Structures are given as structure tokens and as C-alpha cells.
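Take a look at the letters that make up each chain.
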Amino acid sequence: MTLKLGDVHREAIRRHSAGDYPSECCGVLLGKAEVDAKRVTEVVALKNLRHDPGRAQKLLPVDDPVRETERNRFLIDPLDQLRVEKDARARGSEVLGYYHSHPDHPARPSIYDREHAWPWYSYVIISVERGVPKDLTSWVLAEDRWAFRAEQVEIVV
Ligand SMILES: [Zn+2]
């Protein structure tokens, strides 16, 4: 599978990641799944629920709340998730994956990312170095869930 991402979508992710620096930003990729590619038609920016540690901790507790914060963890509000999925379906598109940023860390999935991922979906990661967006990569969980595989990203105009 290839992830086909519009230039405008890449720009939207870059802007979001820079705007939320030094926190992790997150959002959803919507579009259509084709035979050998996922074609993104829309990017929806969401708030990182780790910004609200009390509520986030109730929904999906982290082991170490002092070290695991909005700066290195993200969490999508389940209510946002439901709303976005419903809106997407109404417009004939589907959730293809998610994106989040790695402030001052490489654009590679962490163990935490892998443990909280589902198969099939594309997980786009953008690295942000000192506030400046850098590499954008995409990852898909292997069927056995033991590894993330790099997914080809094709930027389309
Ligand atoms: Zn991550």
C-alpha cells in the first residue's frame, strides 16, 4: 500500500505540528482506500487530550504521568473520534489513519506508538526540531502486531 497525500494535506500537518510545538499534535486522515493505495482527501486536526492530564489519565492511563505528558504522548478524545468517523461516513469517506508529531525526536514510531496502534491504518509521524517541521513518514502495523513497517508516502498535487 502507498499513502497518497496531497501537498495541501502535508502542509496542514506541518502547520499543525509547528503550532502545537513543543507538544505533540494529532489528527485523522480521511479519504478512500483503493486497491493498492490509500488516497487522503482530508486531514482533520484534533486536540491532544494529553493536554488535559486528569481526563486523559482516566481514559488511557500512562505508567509515569510525570514523564509521559503531552510533549511525548498523544491521545485522541473518543468523542472526537466518533464525531469525525460519523462525519466522514456521511460524506462517503473513511478513516485511513492518524498523524501525530514527534517534537525533537525522529519521525519513527515509539514502542508506545506500536502498542497503541491497530492493523491496516496508516500512522503518519512528523518530526519537529526546535519548532520547525522536518521529516514526514508513514507506518503500518504488521499483521502480527510485532512491528511497524514503513509505508511509502506519495505526495500528490
Ligand atoms: Zn509517537
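Residues numbered from 1 in each chain as written. Predicted model: local features only at pLDDT ≥ 70, side-chain atom pairs only at ≥ 80, totals over all residues. Heavy atoms only, no water.

S.K.: Please clarify how the pairing of strand 1 (residues 2-6) should be interpreted in this entry.
M.R.: Consecutive residues of a regular strand have side chains that alternate between opposite faces of the sheet. Where burial is concerned, most of strand 1 is hidden: five out of the five residues are buried. Burial along strand 1 is two-sided: Thr2, Lys4 and Gly6 and Leu3 and Leu5, pointing in opposite directions, are all buried. Both strand 1 and strand 3 (residues 37-46) contribute to a ladder of three bridges, which runs parallel. Note that in strand 3 the partner of Thr2 across the bridge is Ala37. Of the strand pairs in this sheet, strand 1 and strand 7 (residues 148-156) are connected by five bridges, and their pairing is parallel. Opposite Leu3, over in strand 7, you have Val153 as the bridge partner. (Buried < 20%, exposed > 50% of the residue type's maximum accessible area, 1.4 Å probe, protein only. Helix = DSSP H or I, 4+ residues; strand = E, 2+ residues; numbered from the N terminus. Pairing = 2+ DSSP bridges.)

S.K.: Can you help me understand helix 1 (residues 7-20) in this one?
M.R.: One full turn of an α-helix is made of 3.6 residues, so residues set three or four places apart face in the same direction. With 14 residues, helix 1 extends 20 Å between its outermost C-alpha atoms, agreeing within 8% with the 20 Å of an ideal straight helix rising 1.5 Å per residue. If you check which residues of helix 1 are buried, you get His9, Ile13, His16 and Ser17. Taken down its axis, helix 1 places every buried residue within 95° of arc, on the same side. Across helix 1 from its buried face, at more than 90 degrees, point the exposed residues Val8, Arg15 and Gly19. In the core, the buried residues of helix 1 are packed alongside strand 1, strand 2 (26-33), strand 3, strand 4 (94-103), strand 5 (122-129) and strand 6 (132-141). (Expected span 1.5 Å × (residues − 1). Arc of directions from axis to C-beta. Contact = heavy atoms within 4.5 Å.)

S.K.: Explain the packing of aromatic side chains to me, please; I cannot follow it from the model alone.
M.R.: Within a pair of aromatic rings, the relevant descriptors are the distance that separates the centres and the angle that separates the planes. Here the structure, examined in full by the defined rule, presents six aromatic pairs. Ring geometry for Tyr98 against Tyr123: centres 5.8 Å apart, planes inclined by 25°, an arrangement best described as stacked. Placement of the pair is Tyr98 in strand 4 and Tyr123 in strand 5, with a sequence separation of 25 residues. Plain terms: the ring middles of Trp120 and Tyr121 are 5.5 Å apart, the flat faces sit at 75° to each other, and that makes the pair edge-to-face. Put simply, the rings of Tyr98, Trp118, Trp120, Tyr121, Tyr123 and Phe148 pair up and form one aromatic cluster. The aromatic ring of Trp120 is capped on one face by Lys38, whose charged end is 4.7 Å from the ring centroid. Looking at Arg73, its charged tip hangs above the ring of Tyr112, at a distance of 4.2 Å from the centre. (Phe/Tyr/Trp six-rings, centres within 6.5 Å; stacked < 30°, edge-to-face > 60°. Lys NZ or Arg CZ within 6 Å of the ring centre and 35° of its normal.)

S.K.: I'm lost on the coordination of the zinc ion in this one. Help?
M.R.: For the zinc ion, the protein coordination sphere consists of His100 (NE2), His102 (NE2), Asp113 (OD) and Asp113 (OD), at 2.0 to 2.6 Å. What the four donor atoms of the zinc ion show is an angle range of 55 to 158° at the metal, which sorts the shape as irregular. All donors of the zinc ion come from a single chain, and their spacing in sequence reads H-x1-H-x10-D. On the criterion of sequence distance, the pair formed by His100 in strand 4 and Asp113 in helix 4 (residues 111-115) is long-range, its members being 13 residues apart. (Donors = N, O, S within 2.8 Å, 3.2 Å for Na, K, Ca; no water. Tetrahedral: all angles 85-135°; square planar, octahedral: opposite > 155°, others 65-115°.)

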